[in-house]
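Geometric and topological summary
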Amino acid sequence: MDITLSISLLASNRKESLERCLDSLKPLLVKIPSELIIVLTGTDADVRRIAESYTPQVIPFEWCADFSAARNAGVKAAQGEWFLYIDDDEWFDDVSEICQFFLSGDYKNYHSAHYIQRNYQNWYGTKYSDFSAFRMVRRVPETCFQGAIHEELTPRREPCKFFKTCVHHYGYVKETGNSEKTARNIPLLLQAIEKKPEKIKNYIQLAKEADLAGEWKTAEMYCRKGLSVFRKTEKSGQKDLRPEGWLLAFLSWLISKNPGKDSAITEIESILEHQKPSQLIKLVLCQQLIYLCAEEKEPGKAVQYGLKFEELLKKMDEQELSWAEQSYGEFDENYVKAPERLYNARAHCAECTLEIRDWTYTAYFLKLLPWEKEDLLEKYYPDFEAWKKKYGFHFSKMLLEILSEQACSMGIPDISEIQEYPGRPLPAYLLLQKALQGLESGNSEEGLQLFVYCMSNAKDGFLQNLCLKEAICHQISVIPLVTQMDLCAWNAVVENVVSELPFTLNERIRVCAEEAESRFPLHSLCLKRFYLEQKLHKGFPLWEELTGTLKAYCQCISEFYRGIYRAELFGADTCRFLPADCRSAQITLRALEELEQEQMAEAVRLLGDAYHANPDMTGVITELFRQAARRMDDTALQAGEEFHQLAEQMKATLYTLMDEGHPPRQGHALRCAPGYTLMDEGHPPRQGHTLADQDRLAQAAEILNQLLPLMPEDVEMIRIRQELIRRAKS
């Protein structure tokens, strides 16, 4: 049987990624008449064992700091009609497209092919850039690799097939020791430039390596050198303009890092005007100018480049082969249309049109956002909320217009009946705007129905924040929201929302907590906890309320964690493994018990431990100390019932002495002891005093001077003292 495909793999000592790489190749090896050639540059015995388990063609190669030499060992051994190469730290996502290419016979119509290399920037797989890599070729006698580093497969003949198939590559994640890789690559590239100073690809790779090393000014220098060399070689017959476009695009990104964006804007504008880059590179440059102009507070310019970008994009999409013909490296259709790049630019343009009050173009750019893909749209919700606050009616009106258009396109005649169309979801954020409009305009029944639907379908954290906030403000049941949120997410949302709400709405949080208590006790405790926390921090309670609220707060936290953790964790020897706020709550409860028993020294020690466990309670604990210390000096609080009876008798005597000679006006009571109102209320002081008056005031002052030091916290006594002073001066 003829060999259709030779797969060549360069393997070092990366055992873990090698196994995944080989596993991803299995469908090709099974479905296509193919051979696997592994060029072994490492010495690890396990790597050799794994390699030999997949293929008899394992070629040992002594590393000589020349990637092309190692690759060419694989080319030399290849017998297939086509040749594909891959590294041991890459693996295919899905090879069905490549399999179909050969099984259908389509491979006979092409001479070369690209597939996507997806280069990740973190280990989570959330940040990456795609690079269209030339990795497959119809084998001819002159097929070989050139270049000691970042080797290039030659010749590259047309027509070329561009696969959407991608390999995953984590080799550029900085945590992997990328600095060592860069330290190895840069000297090799500099040597290559010495040998072939006219080869533009080496300048491109040097710029990339320098940028990966964090030396973006050095990367800029290599870009400029590469452009200078390209312009000299262009005169000697250089036909491929794509490397120049790559250098211009990468340079525009590098110079944008400089502080002060004016110079970058000027240079990129000059490139657009004088360098005549391809349409694809113009798109990249326009995107960069949108960000720069928005950052430099030039909204009109940003909008201008946004409109130019959309016009160019439309032309590129209309010309079927333009993307493939103009792509080079990572600057391709995927780069321009990457959601974070494409939609961010459009969002910037929308904001800039709002700034210049051009509502027509605001609507234009807003409608270009991915309203049908809520997972992409969610990141813009915070921006929308900020714009709504800043631009009010105009922006809100546009959102509702977009909602109407979306509903119309999905065949939903009445938005209030959205629940009747489960297969046609409208953006939950837009539905929330419609619901709030109903609630605030008097159409409460329709607004409430739609709001409940939004709560039941809010998947994004920010949207859940909005729903909870509005539910509390409008005193709407939070059960539909709680029903579809796990406890961890709920806790985070509640903390965010409660911290943002004014304290005047704190009582409404309590109502929401009580309503959820029977069905969702732990979710209810989350609400209750933050309600009590706000009361402690922002309610400025005095002793009775302070200690009562603090006790309820600590009990709430303890009850919450007892609902999550095993009971044995709450023992004296194991409680140290509990979260800090739980430990602090338990310690504080013991401190409050000591305070009740008037064991101040032990209470102080325990409160110190509680503070160290949870410093966020510093203000509350400090105030507890202050009020407790004051109470220690108050004899009245330590005295028995007889003292209080005597104190009341002395207060009565004070009032008698002060009231004599001052008959009350009709309808006014003078005394303010329990059961009385303010003495002399509305009664102006007399001009001067008789001797009898002065004698009575002197007697009252003597009694007060004896009583007040014993009752320094008694507000009634403090008030009487002020009245005596006022009368003595009149």
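Placed above this text is the structure.
Residues numbered from 1 in each chain as written. Predicted model: local features only at pLDDT ≥ 70, side-chain atom pairs only at ≥ 80, totals over all residues. Heavy atoms only, no water.

It is worth spelling out the overall build of the protein chain at this point. Counting its secondary structure elements, the protein chain contains 33 helices and 10 strands. Structurally, the protein chain occupies a C-alpha span of about 130 × 65 × 55 Å along its principal axes. Across the 730 residues of the protein chain, 48% fall into the buried class. The long-range fraction of contacts in the protein chain, counting pairs at least 24 apart against all pairs at least 6 apart in sequence, stands at 64%. Only carbon and sulfur atoms are counted for the fraction: they give 51% of the accessible area of the protein chain, which is about 36,200 Å². Mean positive and mean negative side-chain charge positions of the protein chain (86 and 109 charges, respectively) differ by 5 Å. (Helix = DSSP H or I, 4+ residues; strand = E, 2+ residues; numbered from the N terminus. Buried < 20%, exposed > 50% of the residue type's maximum accessible area, 1.4 Å probe, protein only. Contact = heavy atoms within 4.5 Å. Areas by Shrake-Rupley, 256 points an atom, 1.4 Å probe, with all protein chains shown as cover. Lys, Arg positive; Asp, Glu negative; His and termini not counted. Charge placed at Lys NZ, Arg CZ, Asp CG, Glu CD.)

The next point concerns the state of the cysteines. On inspection of all chains with the given rule, the structure shows 0 disulfides. Cysteine Cys467 remains unbridged, with the sulfur of Cys454 as its closest cysteine sulfur at 5.9 Å. By relative accessible area, Cys467 is classed as buried at 0%. Free cysteine: Cys526, not disulfide-bonded; nearest cysteine sulfur from Cys556 at 8.1 Å. (Disulfide = S-S within 2.5 Å.)

So, about the pattern of salt bridges. Under the counting rule described, the total for this entry stands at 42 salt bridges. With a closest N to O distance of 2.7 Å, Arg156 and Glu158 form a salt bridge. Classification of Arg156 by relative accessible area gives partly exposed; the value is 27%. For Glu310, the salt bridge identified is with Arg346, shortest N-O distance 2.8 Å. Of this pair, Glu310 sits in helix 11 (residues 299-318) while Arg346 is found in helix 14 (residues 339-355), placing the two residues 36 residues apart along the sequence. You can call Arg346 buried: its relative accessible area is 9%. Among the charged side chains, a network of salt bridges with common partners joins Lys217, Glu220, Arg224 and Glu267. (Salt bridge = Lys/Arg side-chain N within 4 Å of Asp/Glu carboxyl O.)

What follows is about the environment of Val30. As for its placement among the helices and strands, Val30 is situated in helix 1 (residues 15-31). Counting along the chain gives 69 residues from Val30 to Cys99, while the straight-line C-alpha distance between them is 9.8 Å.

Once that is clear, we can look at the side chain of Arg135. As for its position among the elements, Arg135 is in strand 7 (residues 128-138). At 3.1 Å, the side chain of Arg135 and the side chain of Tyr115 are in polar contact. Sequence-distant contacts of Arg135, that is, excluding residues within four places in its chain, are made with Phe83, Leu84, Tyr85, Ile86, Glu90, Ala113, Tyr115, Gln117 and Leu153. (Polar contact = N/O pair within 3.5 Å; in protein donor to acceptor, adjacent residues only side chain to side chain.)

To continue, consider the nonpolar core. Most often, soluble globular proteins have nonpolar side chains that are buried together. Formed by 162 residues in total, the largest nonpolar core has its most connected members in Phe384 and Trp490. The greatest single-element share of this core, amounting to 11 residues, is contributed by helix 10 (residues 279-295). Beyond its immediate sequence surroundings of up to four residues, Trp490 is in contact with Leu468, Val478, Leu481, Val482, Met485, His523, Cys526 and Leu527. Formed by 33 residues, the second largest nonpolar core is a distinct cluster that contains Leu5, Val58, Ile86 and Tyr110. (Core = buried A, V, L, I, M, F, W, Y, C linked by side-chain atoms within 4.5 Å.)

Here we come to empty space enclosed by the protein. Counted by the stated rule, this structure contains 3 cavities of 30 Å³ or more. Roughly 80 Å³ of volume is contained in the largest cavity. What lines the largest cavity is a set of 13 residues, among which Tyr553, Cys554, Ser584, Thr588 and Met617 lie closest to the centre. Looking at the lining of the largest cavity, the elements that each hand over two or more residues are helix 26 (543-562), helix 27 (580-596) and helix 29 (618-632). Among the residues making up the lining of the largest cavity, the classes are represented as 9 nonpolar, 3 polar and 1 charged. (1 Å grid on protein atoms, 1.4 Å probe; cavity = no way out; pocket = protein on both sides within 12 Å on 5 of 7 lines; lining within 4 Å. Points joined across faces, edges and corners; volume = space filled by probe spheres on them. Nonpolar A, V, L, I, M, F, W, Y, C, P; charged D, E, K, R; others polar.)

A grouping of Asp414, Glu417, Glu420, Glu445 and Glu446 is seen on the molecular surface, where their side chains present a negatively charged patch. Examined against the element boundaries, Glu420 turns out to sit in the loop between helix 18 (393-409) and helix 19 (428-440). (Patch = residues over 30% accessible without salt bridge, like charges linked within 9 Å, V, L, I, M, F, W, Y side chains within 5 Å.)

Looking now at helix 2 (residues 45-54). Side chains that are three or four residues apart share a direction in an α-helix, a result of its 3.6 residues per turn. Within the sequence span of helix 2, burial applies to Val47, Ile50 and Ala51. Summarising the axial view, the buried residues of helix 2 lie within an arc of 100°, below the 170-degree limit, and thus occupy one face. Residues of helix 2 that are exposed and point more than 90 degrees away from the buried face comprise Ala45, Arg49 and Ser53. At its buried positions, helix 2 is contacted by helix 1, strand 2 (34-40) and strand 3 (58-60). Two to three positions downstream of the cap, the backbone nitrogen of Asp46 sits 2.8 Å from a side-chain oxygen, assigning the N-cap of helix 2 to Asp44. (Arc of directions from axis to C-beta.)

What follows covers the sheet that holds strand 7. The 8 strands are arranged 3-2-1-4-7-6-10-5 in an open sheet whose pairing can be described as mixed. Of all the strands in the sheet, the pair left with one neighbour each is strand 3 and strand 5 (90-92). For this sheet, the mean angle separating the axes of adjacent strands, direction not counted, is 30°. Strand contacts of helix 3 (residues 67-77): strand 1 (5-11), strand 2, strand 3 and strand 4 (82-87), with the helix running at about 150° to strand 2, the strand carrying the most contacts. Packing against the sheet, helix 4 (residues 96-103) makes contact with strand 1, strand 4, strand 5, strand 7 and strand 10 (160-169), and its axis sits at approximately 150° to strand 10. (Pairing = 2+ DSSP bridges. Axes fitted to C-alpha atoms, helices over the stretch in contact; angles between N-to-C directions.)

A few words on the pairing of strand 10. The element strand 10 is extensively covered by neighbouring structure, given that 7 of its 10 residues are classed as buried. When strand 5 meets strand 10, the two strands line up antiparallel, connected through 3 bridges. What sits directly across from Trp91, in strand 10, is His168. Direction of pairing for strand 6 (residues 112-120) relative to strand 10: parallel, over a ladder of 7 bridges. Paired with Ala113 across the bridge in strand 10 is Lys161.

Bringing the side chain of Glu90 into the picture now. Along the chain, Glu90 turns up in strand 5. We classify Glu90 as buried; its relative accessible area is 0%. Within polar-contact distance, the side chain of Glu90 engages the backbone nitrogen of Asp87 at 3.1 Å. One polar contact links Glu90 to Arg135, side chain to side chain, over a distance of 3.0 Å. If we ignore the near neighbours within four places in the chain, the residues touching Glu90 are Cys21, Gln117, Arg135, Val167, His168 and His169.

With 14 residues, helix 28 (residues 600-613) extends 20 Å from end C-alpha to end C-alpha; this agrees with the ideal 20 Å at 1.5 Å per step. Looking at the buried positions of helix 28, the neighbouring elements they touch are helix 27 and helix 29. (Expected span 1.5 Å × (residues − 1).)

Turning our attention to the environment of Glu310. When its relative accessible area of 9% is taken as the criterion, Glu310 is described as buried. Linking Glu310 and Phe625, residues 315 residues apart in sequence, is a C-alpha distance of 65 Å. Setting aside its immediate chain neighbours within four residues, Glu310 contacts Arg346, Tyr364, Phe365 and Leu368.

All told, the structure shown has 29 aromatic pairs when counted by the stated rule. Through pairs of rings, three or more aromatic residues link up here, namely Trp82, Phe101, Phe102, Tyr107, Tyr110 and Phe163. Of note, Arg156 hangs over the ring of Phe134, and the distance from its end group to the ring centre comes to 5.6 Å. (Phe/Tyr/Trp six-rings, centres within 6.5 Å; stacked < 30°, edge-to-face > 60°. Lys NZ or Arg CZ within 6 Å of the ring centre and 35° of its normal.)

Buried residues dominate strand 2, accounting for 6 of its 7 residues. Bridge analysis of strand 1 against strand 2 gives 7 bridges, and the strand direction is parallel. Residue pairing in the sheet places Ile7 in a bridge with Leu36 of strand 2. In this fold, strand 1 hands off to helix 1, which returns the chain to strand 2; that crossover is right-handed. Note: strand 2 against strand 3, 3 bridges, orientation parallel. Directly across from Val39, in strand 3, lies its bridge partner Ile59. For the crossover that starts at strand 2, traverses helix 2 and ends in the parallel strand 3, the hand is right-handed. (Right-handed = clockwise from strand over helix to strand, strands pointing away.)

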